[in-house]
Every structure is written in structure tokens, then in C-alpha cells.
Amino acid sequence: MSTLEIKNLHVSIEDKEILKGVNLTLKTGEIHAIMGPNGTGKSTLSAAIMGNPNYEVTQGEILLDGENVLEMEVDERARKGLFLAMQYPSEIPGVTNAEFMRAAINAKRPEEDKLNVMQFLKKLDQKMALLNMPEEMAERYLNEGFSGGEKKRNEILQLMMLEPSFAILDEIDSGLDIDALKVVAKGVNEMRGDNFGSLIITHYQRLLNYITPDVVHIMMDGRVVLTGDADLAKRLEAEGYAGISEELGIEYKEEV
Ligand SMILES: Nc1ncnc2c1ncn2[C@@H]1O[C@H](COP(=O)(O)OP(=O)(O)OP(=O)(O)O)[C@@H](O)[C@H]1O
Ligand SMILES: [Mg+2]
């Protein structure tokens, strides 16, 4: 079993504190959801875990099986089994989707155990079929000209190809039509197991009808303010952030 621990994490962007002491422990075998109002720091948390240099960690720790993640370079974090599906996936012209994934997979493997082209293509075909993706998408430049939903589906393809220990999925459901939502959920559920843990950032209960989380966290103003089971997401849907913050005695202004 692997553990990803986030302890009292404070993160600033251009000297403005965004995360104000986040505590969260994720274990393989578990799926956690994070919900929270816009601008509360959910994507900042994912960026800090993956090591985006624009996000300055001013206090706290991120530990992967006790190892200090904050000292690792970005590529090392990926090699050690961390994966991020970004809210806005980047386009990389000039590199095909297949090339990108094969390089990423092989970067994680030892010299004597690289995946050869045939093995890679077999796995790729299998995963693309499961995600109902047309074959030609593998040969297109990474995310270039992909529709919003295609990008999201492609993030799940990368997830299934790379098989990380921990995946942070930042709004993987945004902009998806109902069929695509089901396909994305199918991919994540396929990954579920003792060697996989995931942190799913979402605004809507809808995704959680297809991927049942073990734990739900509510994040507000740079902190995790409430943690519960799957029912917490349903409660949130019914009460909204205003209702929940009132109960907790947290100041929260609804946007008008
Ligand atoms: N590169 C940046 N430069 C300046 N401010 C930033 C930057 N990145 C994030 N912020 C600010 O940090 C705050 C938190 O942003 P973040 O993207 O983490 O929110 P979020 O919870 O993911 O919101 P959403 O639900 O809208 O995706 C916001 O006020 C945002 O404007
Ligand atoms: Mg975000």
C-alpha cells in the first residue's frame, strides 16, 4: 500500500496565500473527492502536488510513502507514481499522443524493462477501445485541436496507459456530454484497486453517481473544512456551500 500525505500545506502565488494549511491523506485503494467553490484553491493544490514552479510552498509537507515530494523534480514525481489530469490540458504541437504516452511510460520503467512498440500498441488499442476513442487520435498531436471532451477523455487514456499509484483528476467531468461522462467514469473505475488511489476534484455530484468516492472533502478558502463519506456530496448538492458554511460557522459569501 502507498500513502500520499499532505500536511499543513501553505501555498502562495505571487506572494498571495492561496492554500492556508491543507491536511489530507490518500491511500492506494481509496478514491477521494474534493469539492469547493470556485477560486478556493483546488487546482492550486494539484499544481503544488505535481510541482508546478509558479506555486510556492511556504509551509507544510507532501510525503509519498514518507519521502519528501517537495524536494523532487516534476519528472521524478511522475516516475514515482503521481499523475495529474489538468483542468485545462496543454496542447503540445509536434508530439503525437502515442509518442508522448510511450515516452512517459518508458521513463517510468527500468532500462531492461522498456515497453517495445508492439507491446505498447497492443495496450494502447485495448485502452482506446475501452474508452470508445477512434484510433486516429493516437497519431494526432497531443491535445492539438482536441475538443474539450476529447481532451478529458484523452487524460483518462493517459491515466490508463501510465497506471500511476495516485491520480489527481481536476474537473475531469467538466464539459463532458452524458455518454463521455460514463466513459470517463468507466476508465477510472477500471483503474480502481489496491494499487491505485485518486483525488477527484469536481463541482458536481453527477460524476460521483458513477464513481462512488470513499471519502469526500469540502475545501473552502484554502483549507479542507469538512470531510465525510459519499453522502456529504449529496448534502452539498442540497444545501449548497452557504448552508454548509453556516453550520460550520465559516464566513462565506455567495457570489451574486
Ligand atoms: N498563476 C496565477 N496567478 C495569479 N493568481 C492565481 C494563479 N493561479 C491561481 N491563482 C488564484 O488562486 C486562487 C485559487 O485558484 P484555483 O485555480 O486553485 O481555484 P479552484 O479552486 O481550482 O477554482 P475552480 O473551481 O474555479 O477551478 C484564485 O483566486 C486564482 O485567481
Ligand atoms: Mg480549478
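Throughout what follows, the structure given in this document is the object of discussion. These numbers were taken from a predicted model, which means no experiment stands behind them.

1. Digging into the site of ligand 1
The environment of ligand 1 is made up of 14 residues, and the closest members are Gly 39, Lys 42, Ser 43, Thr 44 and His 203. Thr 40 is positioned with one of its backbone polar atoms (N or O) 3.2 Å from an oxygen atom of ligand 1. Measuring from an oxygen atom of ligand 1, one finds a side-chain N or O atom of Gln 87 at 3.0 Å. Its free accessible area being 640 Å², ligand 1 has 66% of it covered by the protein chains. With three residues, helix α1 (residues 42-50) is the largest single contributor of residues to the shell around ligand 1.

2. A word on the packing of helix α3 (residues 97-108) against helix α5 (residues 148-162)
Following both chains from N to C, one finds α3 and α5 inclined at 35°, their axes separated by 10 Å at the closest point. The handedness of the crossing between α3 and α5 is right-handed. Where α3 approaches α5, its residues Asn 97, Phe 100, Met 101, Ala 104, Ile 105 and Lys 108 are matched on the opposing element by Asn 154, Leu 157, Gln 158, Met 161 and Leu 162. Its residues placed into classes, the contact of α3 with α5 shows seven nonpolar, three polar and one charged.

3. Digging into the pairing of strand β2 (residues 16-27)
As defined by bridge partners, strand β1 (residues 3-13) adjoins β2 across nine bridges and the pair is classed as antiparallel. Opposite Val 11, over in β2, you have Leu 19 as the bridge partner. What sits between β1 and β2 in their antiparallel hairpin is a turn of two residues, with Glu 14 showing a positive phi close to 45°.

4. Describing the coordination of the magnesium ion (ligand 2)
With distances of 2.0 to 2.2 Å, the protein atoms coordinating the magnesium ion (ligand 2) are Ser 43 (OG) and Gln 87 (OE1). Pair noted here: Ser 43 is in helix α1 and Gln 87 is in the loop between β6 (82-85) and β7 (92-96), with a separation of 44 residues, a long-range link. Note on Ser 43: relative accessible area 29%, which makes it partly exposed.

5. Concerning the nonpolar core
If you look at the biggest cluster of nonpolar residues, it comprises 37 residues, and the most contacted ones within it are Phe 120, Leu 124, Leu 131, Ile 156, Leu 157, Leu 159 and Leu 169. Elements supplying a minimum of two residues to this core: β6, α3, α4 (117-130), α5, β9 (166-170) and α6 (178-191). It is α6 that provides the largest number of residues to this core, a total of seven residues. Excluding residues that lie within four positions of it along the chain, Leu 131 makes contacts with Arg 153, Ile 156, Leu 157, Met 160, Val 183 and Gly 187. Among the nonpolar cores identified, the runner-up in size contains 24 residues, and Val 11, Val 22, Leu 24 and Ala 48 belong to it.

6. A word on the layout of surface pockets
To find the voids left in a structure, one rolls a probe of water-molecule size over its atoms. Here the largest pocket defines a volume of roughly 890 Å³. Lining the largest pocket are 32 residues, and of these Met 50, Val 74, Phe 83, Leu 84 and Met 86 sit closest to its centre. Per element, the largest residue contribution to the lining of the largest pocket is five residues, and it comes from α3. A per-class count over the lining of the largest pocket returns 19 nonpolar, eight polar and five charged. Roughly 590 Å³ of internal volume is contained in the second largest pocket. Taken together, 23 residues make up the lining of the second largest pocket; nearest its centre are Pro 37, Asn 38, Thr 40, Tyr 241 and Tyr 252. Those elements that provide at least two residues to the lining of the second largest pocket are β2 and α8 (230-248). Counted by class, the lining of the second largest pocket contains nine nonpolar, six polar and eight charged residues.

Conventions adopted
- Residues numbered from 1 in each chain as written.
- Chains lettered and ligands numbered in written order.
- Predicted model: local features only at pLDDT ≥ 70, side-chain atom pairs only at ≥ 80, totals over all residues.
- Heavy atoms only, no water.
- Near = heavy atom within 4 Å.
- Polar contact = N/O pair within 3.5 Å; in protein donor to acceptor, adjacent residues only side chain to side chain.
- Areas by Shrake-Rupley, 256 points an atom, 1.4 Å probe, with all protein chains shown as cover.
- Helix = DSSP H or I, 4+ residues; strand = E, 2+ residues; numbered from the N terminus.
- Axes fitted to C-alpha atoms, helices over the stretch in contact; angles between N-to-C directions.
- Left-handed = near helix turned anticlockwise from the far one by under 90°.
- Contact = heavy atoms within 4.5 Å.
- Nonpolar A, V, L, I, M, F, W, Y, C, P; charged D, E, K, R; others polar.
- Pairing = 2+ DSSP bridges.
- Donors = N, O, S within 2.8 Å, 3.2 Å for Na, K, Ca; no water.
- Buried < 20%, exposed > 50% of the residue type's maximum accessible area, 1.4 Å probe, protein only.
- Core = buried A, V, L, I, M, F, W, Y, C linked by side-chain atoms within 4.5 Å.
- 1 Å grid on protein atoms, 1.4 Å probe; cavity = no way out; pocket = protein on both sides within 12 Å on 5 of 7 lines; lining within 4 Å.
- Points joined across faces, edges and corners; volume = space filled by probe spheres on them.

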